[in-house]
Each structure stands twice: as structure tokens, then as C-alpha cells.
Amino acid sequence: MIIGANGDSLFKRLMNAMGRADLAEDPRFAENSGRCKHQELLDQAIIEWTSSNDASEVQAACKAAAVPCGPIFSIKEIMDDEHFQSRKCFEEVELSHGGHLKVPAIGPKLSWSPGRTDSGGPSIGQHSDEVLREKLQFSEDEISALRNDRVIA
């Protein structure tokens, strides 16, 4: 969960939502400079509260207190989320060996030029000879030696 409550009034609302009126009214925390000075103490209080409630309870309490917050999704949760899917945040690309891979799509989506990923990228070593020969001027013997020593694929 990410909670955005570093403003003075947001901080007080969060502390009250956590049942910590003592921290909301503590003069040490009246301004951001004091909260920064005592960050470890406040972080511990927030960790204790969020750890003792599930994410939906924390989110509901923050919403009721008008404190911005939201879940932090894992990659799997992002991929499975209907909002991300409906916004077409992912696209499938073909890999050079023939497989397919879901990747983040280009954003924002523009009606005349929506953008897309044309390739999943080259396979490992696909351009090694070209780069070594043409860009770095390596000889065939030097390239063979690198390959024999397993420096390149």
C-alpha cells in the first residue's frame, strides 16, 4: 500500500484514521520538518497499523479520512488486473526464436499514432558478428577466438 500523507492536514487525518490521535496532536509532528526528524518513529507506527490490518481495511480507512492511498501491485496482479487489460497496457510480441512474450505497451494511446512494439528484440548474440566485424573492426580469427573462449555466443 502506498499512502500519501506528508501534508500537515493529511498527516493528522491519517493518524486519526489509525487511531493515533496522540501522534496527530503531538507538536513535534505539526510540520513536515518535525515529521522528517522523527521519521523512524512515524514509520514504525504506520508499519504496525498497516501490518495489523489487511490492505482493504487500510484502503477503506484512508478513503474515509480523505487520505490518498492505493495498493502496490505485483507484476502478476498488474497483468491480471481488468483495468490494465481494458486500457490495453500490454501487448504480445513475437520473439526471434518464434515464441511470444507479453510486454508493456506504448503509452499514451494516441488515436492517429497509437504506437506498438514491432519486435521482442534480437536473440542473444544475434548481432555479435556484425558489431565486432563492422563496428569494431575485429578479424575473423579474433571473433573465432572470442567464440571459442565463450566470451560471445
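You'll find the structure just up there.
Residues numbered from 1 in each chain as written. Predicted model: local features only at pLDDT ≥ 70, side-chain atom pairs only at ≥ 80, totals over all residues. Heavy atoms only, no water.

(A) Spatial organisation of the overall build of the protein. Scanning the protein from terminus to terminus reveals 9 helices and 4 strands. Reading the protein from its N terminus to its C terminus gives the helix and strand order β-α-α-α-α-α-β-α-α-β-β-α-α. Taken over the C-alpha atoms alone, the protein extends approximately 75 × 40 × 30 Å along its principal axes. Counting every position in the protein, which comprises 153 residues, the buried fraction comes to 20%. A fraction of 41% describes how many contacts in the protein between residues 6 or more apart in sequence connect residues 24 or more apart. Both charge centroids of the protein, one from 17 positive and one from 25 negative side chains, sit 5 Å from each other. (Helix = DSSP H or I, 4+ residues; strand = E, 2+ residues; numbered from the N terminus. Buried < 20%, exposed > 50% of the residue type's maximum accessible area, 1.4 Å probe, protein only. Contact = heavy atoms within 4.5 Å. Lys, Arg positive; Asp, Glu negative; His and termini not counted. Charge placed at Lys NZ, Arg CZ, Asp CG, Glu CD.)

(B) Summary view of the packing of aromatic side chains. Considering all chains together, one arrives at 2 aromatic pairs under this definition. Aromatic side chains Phe-11 and Phe-29 sit 6.1 Å apart centroid to centroid with 65 degrees between the ring planes, which places their arrangement in the edge-to-face category. With Phe-11 in helix α1 (residues 8-17) and Phe-29 in the loop between α2 (21-24) and α3 (32-37), the pair connects residues that are 18 residues apart, well separated along the chain. We classify Phe-11 as buried; its relative accessible area is 4%. Assessed through its relative accessible area of 1%, Phe-29 is described here as buried. The interplanar angle of 70 degrees and the centroid separation of 6.3 Å between the aromatic rings of Phe-73 and Phe-84 together place this pair among those described as edge-to-face. Of the two residues, Phe-73 sits in the loop between β2 (69-70) and α6 (75-80) while Phe-84 sits in helix α7 (residues 82-86), which places them 11 residues apart along the sequence. For Phe-73, a relative accessible area of 34% corresponds to the partly exposed category. (Phe/Tyr/Trp six-rings, centres within 6.5 Å; stacked < 30°, edge-to-face > 60°.)

(C) Representation of the environment of Arg-13 within the structure. Relative to the assigned elements, Arg-13 resides in helix α1. Through-space distance from the C-alpha of Arg-13 to that of Leu-136 is 62 Å; in sequence the pair is 123 residues apart. With sequence-adjacent residues up to four places away left out, Arg-13 is seen in contact with Ala-65, Ala-66 and Val-67.

(D) Quick peek at the side chain of Ser-128. Structurally, Ser-128 is set in helix α8 (residues 128-135). For Ser-128, the residues in contact, after removing those within four places along its chain, are Arg-147, Ile-152 and Ala-153.

(E) Layout of the packing of α8 against helix α9 (residues 140-148). Where α8 meets α9, the closest approach of the two axes is 10 Å, and the angle between their N-to-C directions is 145 degrees. Considering only the axes of α8 and α9, their crossing is right-handed. Residues Ser-128, Asp-129, Leu-132 and Arg-133 of α8 form the contact with α9, whose participating residues are Glu-140, Ile-143, Leu-146 and Arg-147. When grouped by side-chain class, the residues that make up the contact of α8 with α9 number 3 nonpolar, 1 polar and 4 charged. (Axes fitted to C-alpha atoms, helices over the stretch in contact; angles between N-to-C directions. Left-handed = near helix turned anticlockwise from the far one by under 90°. Nonpolar A, V, L, I, M, F, W, Y, C, P; charged D, E, K, R; others polar.)

(F) View of the pattern of salt bridges. In this structure the tally under the stated criterion is 9 salt bridges. Where Arg-28 meets Asp-26, a salt bridge forms, and the shortest distance between an N and an O atom there is 2.7 Å. On the basis of relative accessibility, which here comes to 15%, the residue Asp-26 falls in the buried class. Here the salt bridges share partners, and the residues they tie into one network are Asp-129, Arg-133, Glu-140 and Arg-147. (Salt bridge = Lys/Arg side-chain N within 4 Å of Asp/Glu carboxyl O.)

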